[in-house]
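The residues making up each chain are set out below.
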Protein chains: 2
Amino acid sequence: MSDNPSPVRVALLGCGTVGGEATRMLLGEADELAARIGAPVELAGIAVRRPDKHPELPQHLLTADAGSLVESDVDVVVELIGGIEPVRGWLLTALRKGKSVVTGNKALLSEYAAELAEAANTSGADLYYEAAVAGAIPLLRPLRESLAGDRITRVMGIVNGTTNFILSAMDSTGAGYAETLDEATRLGYAEADPTADVDGYDAASKAAILASLAFHSRVTAADVHREGIAGISASDIQAAKLLNRTVKLLAICERVTADDGTESVSARVHPVMIPRSHQLAGVHGAFNAVYVEADAAGELMFYGQGAGGAPTASAVLGDLVAAARNRVAGGRGPRESAHAALPVRPMGQTPTRYHISLDVADRPGVLAQVAQVFAEHGVSIAAVRQRDRHSTASLVIVTHLAADAALQSTVDEIGKLDVVREVVSVMRVEGEDT
Amino acid sequence: MSDNPSPVRVALLGCGTVGGEATRMLLGEADELAARIGAPVELAGIAVRRPDKHPELPQHLLTADAGSLVESDVDVVVELIGGIEPVRGWLLTALRKGKSVVTGNKALLSEYAAELAEAANTSGADLYYEAAVAGAIPLLRPLRESLAGDRITRVMGIVNGTTNFILSAMDSTGAGYAETLDEATRLGYAEADPTADVDGYDAASKAAILASLAFHSRVTAADVHREGIAGISASDIQAAKLLNRTVKLLAICERVTADDGTESVSARVHPVMIPRSHQLAGVHGAFNAVYVEADAAGELMFYGQGAGGAPTASAVLGDLVAAARNRVAGGRGPRESAHAALPVRPMGQTPTRYHISLDVADRPGVLAQVAQVFAEHGVSIAAVRQRDRHSTASLVIVTHLAADAALQSTVDEIGKLDVVREVVSVMRVEGEDT
């Protein structure tokens with residue numbers, strides 16, 4: 001490094017909540033960042049749709065022409081616009097020209113990570129996206145680098161704050177889904193159109209990114225089995241409470257080994273019942289937490305704010321400093337590695353466990369009939385609890401691990417039994433001993 | 001990268017529990033590691049004190065001459081011997097010759113990090129030491145890289161498993177310190193000579209490393225205020241329980257801003273009373289957890305196994321893969337940065353809060369006398385609880401933040417008051433609102 005190193009020139013695409021915080025940090029902490037990087041960082045331009053709508057930003061930096069800004073003399077492109085097109089084209093152009101890219105665009109990455117990584121690898125540019133999953137929590141860098149010598153077997157976590165806020169509130173108030181969603185919208189925890197969050201699309205994109213990194217394979221959002229929380233009722237929450245458990249929407253990425261030794265990846269997002277003593281059960285409101293299991297490291301957990309302007313900007317700036325340091329040092333960060341290329345296992349073949357709560361006729365022989373259905377589907381029962389309730393009785397069953405499809409068809413068939421008045425709640429179970 | 005890249009040659013110094021696991025992983029997962037790195041890793045030699053005592057290792061790799069192994073044709077030196085000399089000389093030689101170093105040697109780093117970092121920076125070699133703090137938990141890389149664009153204000157955590165095991169056990173059994181230490185020794189959680197753990201030396205080394213990274217400054221173990229757990233009594237634990245709190249040995253590294261705006265670093269290790277609802281209160285046994293606060297990221301927590309052969313080897317291998325990838329890519333990882341060079345604040349001037357539990361005479365005016373002593377020392381009281389107990393009464397006081405020296409002298413003087421029968425427990429308090 002020379003005494004007067006050239007500045008690292010940065011293009012910022014998009015300047016909403018996160019971009020505004022990132023700009024404030026870049027300009028306000030310029031000297032500190034220069035000292036950490038070994039060269040000054042220079043904000044070369046900010047592309048926004050309507051420059052006249054941003055009186056708070058340095059006017060001479062603003063442009064509506066993101067494409068030209070990317071093509072100009074910049075070293076790093078920070079993209080905070082979101083969505084697929086036209087962003088994909090701009091970032092590919094940047095990477096192919098050897099400019100490093102920092103992005104928080106989970107939709108783009110969960111679909112086009114392979115194409116972007118290839119462009120980065122070919123030109124030797126860096127592609128960083130810590131902000132795309134779990135906001136401020138340093139998670140992707142530990143997965144990609146700290147655990148690079150270990151064998152990750154599972155990544156499981158709360159990666160969507162909106163759904164966690166709603167489920168936390170349902171758990172504490174006993175209220176139903178619809179009214180809790182209304183409340184979350186009113187308080188600003190849910191968007192006017194909450195589909196991406198409550199139907200699990202946002203979490204599925206993040207699961208695809210996590211599974212790809214953890215298992216050195218390519219998993220896209222379309223590969224992720226996805227169920228949202230709209231079907232969760234107050235009685236599901238109540239059933240969980242009775243068992244000293246709670247319901248969370250989890251992204252679960254697992255390495256699954258078949259009987260013949262072949263490996264595959266399971267990536268899924270769905271509501272899960274976990275024990276209240278589980279570490280993820282204590283993660284409330286808009287916080288995120290991700291639990292990682294690796295052969296040598298054992299159990300790890302990462303916890304922090306999953307969204308918001310400043311926390312997400314922290315992740316963006318961390319990536320920007322890394323990319324800038326690599327420029328100054330003449331090197332580059334670790335490449336993406338998808339060498340393992342494990343196939344994705346369909347949900348039906350993924351081993352899961354179910355909790356099933358039934359209202360049944362209060363007469364002898366009911367359990368025998370129900371148990372017979374489980375046996376016919378090859379599903380083993382781990383625990384049963386029966387309780388009388390006037391003319392009906394409640395029957396609660398927790399299974400051992402079985403293929404998800406076998407569990408589904410078991411539940412379907414049980415619902416048709418004469419002795420079963422109602423299937424009160426069906427929920428997958430994680431985080432407890434079998 | 002060419003199609004047949006040269007192997008990255010590794011020297012391993014020391015082969016105890018961690019080294020043995022690392023060797024097993026290196027040899028057993030060679031193909032997988034080569035795919036991740038982009039070149040094969042070749043174990044060039046293992047230096048052990050007595051080669052004849054290691055029939056489990058490949059004999060042709062063994063040598064008793066660590067110095068010559070370091071000087072031989074190797075690219076990366078992995079050091080797992082521990083202690084200062086002669087290791088310091090070997091690692092300086094390696095770094096000065098441009099060989100990257102991976103080490104878990106907290107004693108060495110907490111004293112000689114500046115010298116080692118300078119040697120690494122001069123030659124352009126990597127110096128990684130994730131295994132030195134909190135075992136398998138990816139903590140140093142997130143501090144150094146992920147949060148590199150943020151401003152860390154505080155790092156606080158449980159970084160010593162032995163003392164956490166002892167305090168957890170005292171909390172759950174109500175037993176005293178001496179008998180719990182005996183039990184920990186019997187179960188293998190404490191060493192035959194437990195001094196380094198129970199007197200806080202181990203945690204102080206880690207605090208020095210954490211403070212240096214978090215605040216871009218140089219903090220050595222000698223700068224860290226250190227109190228161990230040998231003085232913790234069953235009545236301290238009981239006093240904490242009565243307030244729904246628990247006692248933990250914490251390493252606390254803070255950025256302290258004086259009234260005139262000048263900044264300094266406080267680094268300390270001592271027992272602390274924290275609310276049972278605090279996330280660190282739920283960390284039991286030999287687990288470690290570290291809580292980080294940064295301006296933009298907010299609150300983060302990292303949790304996992306803090307010691308043990310396999311978990312620590314996971315951290316070592318992660319660093320080795322990073323160093324090897326940098327060799328293959330022709331770059332290097334981010335340098336140490338001590339540019340902020342903040343001074344270390346003496347403990348007496350560090351703002352802390354105290355919990356003080358007293359047995360006092362049961363008569364009017366006692367609180368007035370006690371409160372007068374606080375006022376004379378400029379210490380503000382946050383909460384008081386009095387309870388009658390036959391002829392004596394108990395008086396529990398929690399203070400607001402004050403300089404530690406002022407709190408100490410307040411306690412000393414209160415102990416001399418006629419109305420005070422006994423100072424039952426004095427403990428610093430963290431993790432609650434003022």
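Procedures and definitions
- Residues numbered from 1 in each chain as written.
- Chains lettered and ligands numbered in written order.
- Predicted model: local features only at pLDDT ≥ 70, side-chain atom pairs only at ≥ 80, totals over all residues.
- Heavy atoms only, no water.
- UniProt positions renumbered as here; feature names shortened; annotations may be inferred.
- Least-squares fit on C-alpha atoms with pLDDT ≥ 70 in both.
- Contact = heavy atoms within 4.5 Å.
- Domains from an automatic or database assignment.
- Buried area = accessible area lost by both parts, 1.4 Å probe.
- Salt bridge = Lys/Arg side-chain N within 4 Å of Asp/Glu carboxyl O.
- Polar contact = N/O pair within 3.5 Å; in protein donor to acceptor, adjacent residues only side chain to side chain.
- Helix = DSSP H or I, 4+ residues; strand = E, 2+ residues; numbered from the N terminus.
- Nonpolar A, V, L, I, M, F, W, Y, C, P; charged D, E, K, R; others polar.
- Pairing = 2+ DSSP bridges.
- Buried < 20%, exposed > 50% of the residue type's maximum accessible area, 1.4 Å probe, protein only.
- Arc of directions from axis to C-beta.

- By the naming in an unreviewed UniProt entry, chain A is Homoserine dehydrogenase, taken from Prauserella muralis.
- Quoted verbatim from the Function (unreviewed entry) heading of the UniProt record, the comment on chain A is "Catalyzes the conversion of L-aspartate-beta-semialdehyde (L-Asa) to L-homoserine (L-Hse), the third step in the biosynthesis of threonine and methionine from aspartate."
- Under the UniProt heading Sequence similarities (unreviewed entry), the entry covering chain A gives this text: "Belongs to the homoserine dehydrogenase family."

**Quick word on the relation of the copies chain B and chain A**
Next, step 1: Least-squares fitting of chain B to chain A yields an RMSD of 0.0 Å, with the transformation described by 0.0 Å of translation along the axis and a rotation of 180 degrees. On the angle and the small slide along the axis, the relation comes out as a two-fold axis. Taking C-alpha positions as the reference, the residue of chain B nearest the rotation axis is glycine 331 of chain B, at 1.9 Å.
Next, step 2: Residue by residue, 100% of the interface of chain B is reproduced at the interface of chain A, so both copies engage with the same surface.

**Some thoughts on the domain arrangement of chain A**
Next, step 1: Assigned domains within chain A: domain 1 (8–135 + 309–329), domain 2 (146–305) and domain 3 (347–429).
Next, step 2: Averaged C-alpha coordinates put domain 1 of chain A and domain 3 of chain A at centres separated by 51 Å.

**Some details on the interface of chain B and chain A**
Next, step 1: Tallying the contact residues gives 49 residues for chain B and 49 residues for chain A.
Next, step 2: Together, Arg36, Tyr303 and Arg325 of chain B form the three largest contributors to the area buried by chain B at its contact with chain A, with a combined 15%.
Next, step 3: At the boundary of chain B with chain A, the tally comes to two salt bridges.
Next, step 4: The salt bridge partner of arginine 141 of chain B is glutamate 145 of chain A, with a shortest N-O separation of 3.5 Å.
Next, step 5: Viewed at the interface, chain A and chain B are joined by 18 residue pairs in polar contact (both at pLDDT 80 or more).
Next, step 6: Going through the elements one at a time, helix H2 (30–37), helix H6 (140–146), strand S12 (298–305) and helix H12 (309–329) of chain B are the ones with two or more residues in the side of chain B that touches chain A.
Next, step 7: Classifying every residue of the side of chain B that touches chain A gives 24 nonpolar, 14 polar and 11 charged.
Next, step 8: Bridge count for strand S12 (residues 298–305) of chain A against S12 of chain B is five bridges, and the pairing is antiparallel. What sits directly across from leucine 300 of chain A, in S12 of chain B, is glycine 304 of chain B.

**Here's the deal with the UniProt feature "binding site: L-homoserine" (unreviewed entry) in chain A**
Residues and elements named next belong to chain A.
Next, step 1: Per the UniProt record, the feature "binding site: L-homoserine" (unreviewed entry) sits at Glu191.
Next, step 2: Note on placement: glutamate 191 falls in the loop between helix H8 (177–186) and helix H9 (195–198).
Next, step 3: A relative accessible area of 54% means that glutamate 191 is categorised as exposed.
Next, step 4: If we skip the residues at most four places from it in the chain, glutamate 191 touches Thr185 and Asp197.

**Details of the pairing of strand S15 (residues 392–399) of chain B**
Where a strand is regular, its side chains alternate between the two sheet faces.
Residues and elements named next belong to chain B.
Next, step 1: In terms of burial, S15 is largely enclosed, as eight of its eight residues are buried.
Next, step 2: In S15, alternate side chains face the same way, and those of Thr392, Ser394, Val396 and Val398 on one face and Ala393, Leu395, Ile397 and Thr399 on the other are all buried.
Next, step 3: Note: strand S13 (residues 351–361) against S15, seven bridges, orientation antiparallel. Opposite alanine 361, over in S15, you have threonine 392 as the bridge partner.

**Examining H8 of chain A**
All names here are of chain A.
Next, step 1: Within H8, burial applies to Tyr177, Thr180, Leu181 and Ala184. Projected down its long axis, H8 shows its buried positions confined to an angular sector of 100 degrees, all on one face. H8 presents Ala178, Glu179, Asp182 and Arg186 as exposed residues on the side facing more than 90 degrees away from its buried surface.
Next, step 2: Looking at the buried side of H8, the elements it contacts are helix H7 (161–173) and H9.
Next, step 3: Of the residues trailing H8, glycine 188 is marked for its positive phi of about 85 degrees.

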